[in-house]
Amino acid sequence: GRLDVLVNNAYAGVSLIDRSTGKKFWQTDPIETWDTINNVGLRNHYICTTLASRMMVEQKSGLIINISSYGGLKYLFNCAYGIGKAACDRMAVDCAHELKKFNVACISLWPGPVRTEYIQENIIKHAEDNPSDMSLRSSKIFEKGETIEFAGKSIVHLAADPNIMKKTGRIIETTALACEYGFTDIDGLTPICTRKVKDLLQLEGWNKLAAFVPDFVKIPYWVLHMTANKF
């Protein structure tokens, strides 16, 4: 058989993260929290990557994509989530290092806020029924977020890119790929970009100021790197 693309996207932690919002890590069950968030979201990614790589190395071509998030860079949701996403990013980088000479690419893909069915039912609808400053802010972020198909469109373009090896070992945002390859979400819009200054100002309610900021003004990657510098 042949395998051209592997997307590590399976995840089981959304409901648990929602239920444990506001709790510190020592206030939750460590085994349940870790296993729910990182058994499916990290452990199986490594297993699938290993098994897929055996096929791809033999055929000397292939693309492996880990679906990760900004939580791999800065604190988001809870400790176990951030640990898992940071590990997914590092997995992509290190696996790419060993796979590169076999012409197999490995990338970590960061979607932005995604309007999944769970989010629409439990975040957006909940904010409408039970408005509060926190719930309305969360709802606003997701309302301007991506559909579940947007990451899929990103992956299609990556898989069709004849120069994909130039991207191996990198962390790439879905919105950055939309700009590079020239595609939009299924509703014809470009979702919120967490690096675009205009979008960030609008989220904070500074719409008048945002109107004067060009779309191309974004927070540089080196700034993001420095904000997460551990040294």
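In case you missed it, the structure is sitting above this.
Residues numbered from 1 in each chain as written. Predicted model: local features only at pLDDT ≥ 70, side-chain atom pairs only at ≥ 80, totals over all residues. Heavy atoms only, no water.

Structural notes on unusual backbone geometry
Right, so step 1: Unlike most non-glycine residues, F77 shows phi in positive territory, near 70°.
Right, so step 2: Turning to its location among the elements, F77 is positioned in the loop between strand 2 (62–67) and helix 3 (79–99).
Right, so step 3: One non-glycine residue, N103, lies in positive phi territory at about 65°.
Right, so step 4: Considering the arrangement of structural elements, one finds N103 in the loop between helix 3 and strand 3 (104–110). (Helix = DSSP H or I, 4+ residues; strand = E, 2+ residues; numbered from the N terminus.)

Looking at the pattern of salt bridges
Right, so step 1: One pass over the structure, following the stated rule, counts six salt bridges.
Right, so step 2: Across the pair E32 and R19 runs a salt bridge, and its minimum N-O distance is 3.5 Å. With E32 in helix 2 (residues 30–59) and R19 in helix 1 (residues 14–19), the pair connects residues that are 13 residues apart, well separated along the chain.
Right, so step 3: Given a relative accessible area of 40%, E32 falls into the partly exposed group. (Salt bridge = Lys/Arg side-chain N within 4 Å of Asp/Glu carboxyl O. Buried < 20%, exposed > 50% of the residue type's maximum accessible area, 1.4 Å probe, protein only.)

A word on the layout of surface pockets
Right, so step 1: Approximately 580 Å³ is the volume found for the second largest pocket.
Right, so step 2: Lining of the second largest pocket is provided by 21 residues; of these, G72, L73, I171, H225 and A228 occupy positions nearest its centre.
Right, so step 3: For the lining of the second largest pocket, the leading source of residues is helix 3, giving four residues.
Right, so step 4: A per-class count over the lining of the second largest pocket returns 10 nonpolar, six polar and five charged. (1 Å grid on protein atoms, 1.4 Å probe; cavity = no way out; pocket = protein on both sides within 12 Å on 5 of 7 lines; lining within 4 Å. Points joined across faces, edges and corners; volume = space filled by probe spheres on them. Nonpolar A, V, L, I, M, F, W, Y, C, P; charged D, E, K, R; others polar.)

A few points about the environment of A12
Right, so step 1: As for its placement among the helices and strands, A12 is situated in the loop between strand 1 (5–8) and helix 1.
Right, so step 2: Judged by relative accessible area, A12 falls into the partly exposed class, the value being 38%.
Right, so step 3: Along the chain, A12 and D35 lie 23 residues apart, while their C-alpha atoms are 9.2 Å from each other.
Right, so step 4: Residues contacting A12, with those up to four places away along its chain left out, are T36 and V40. (Contact = heavy atoms within 4.5 Å.)

Concerning the packing of helix 6 (residues 148–160) against helix 7 (residues 174–181)
Right, so step 1: With their axes 10 Å apart at the nearest point, helix 6 and helix 7 run at an angle of 55° to one another. As the angle between them shows, helix 6 and helix 7 are arranged oblique. Of the two elements, helix 6 crosses helix 7, and the hand of that crossing is left-handed. Taken together, the residues of helix 7 that come into contact with helix 6 (itself represented by F150, A151, S154, H157 and L158) are T174, T175, L177, A178 and Y181.
Right, so step 2: Tallied by class, residues from the contact of helix 6 with helix 7 come to six nonpolar, four polar and no charged. (Axes fitted to C-alpha atoms, helices over the stretch in contact; angles between N-to-C directions. Parallel < 35°, antiparallel > 145°, perpendicular 65-115°, else oblique. Left-handed = near helix turned anticlockwise from the far one by under 90°.)

Side note on the side chain of N78
Right, so step 1: Mapped onto the secondary structure, N78 falls in the loop between strand 2 and helix 3.
Right, so step 2: The exposure class of N78 is buried, given its relative accessible area of 10%.

What about helix 6?
Right, so step 1: Taken residue by residue, helix 6 has F150, A151, S154, I155 and L158 as its buried positions. Buried residues of helix 6, viewed axially, fall in a sector of 140°; they line one side. Exposed residues lying more than 90 degrees from the buried face of helix 6 are V156 and A160.
Right, so step 2: On its buried side, helix 6 packs onto strand 1, strand 2, strand 3 and helix 7. (Arc of directions from axis to C-beta.)

Points about helix 3
Right, so step 1: Here helix 3 contains 21 residues, and its C-alpha end-to-end distance of 30 Å stays within 8% of the 30 Å for a straight helix at 1.5 Å per residue.
Right, so step 2: Within helix 3, the full set of buried residues consists of A80, Y81, G82, G84, K85, C88, D89, M91, A92, C95, A96 and L99.
Right, so step 3: For helix 3, the secondary structure elements touched by its buried residues are helix 1, helix 2, strand 2, strand 3 and strand 4 (171–173).
Right, so step 4: You can read the cap of helix 3 off the contacts: a side-chain oxygen lies 3.3 Å from the backbone nitrogen of A80, and it is on N78. (Expected span 1.5 Å × (residues − 1). Polar contact = N/O pair within 3.5 Å; in protein donor to acceptor, adjacent residues only side chain to side chain.)

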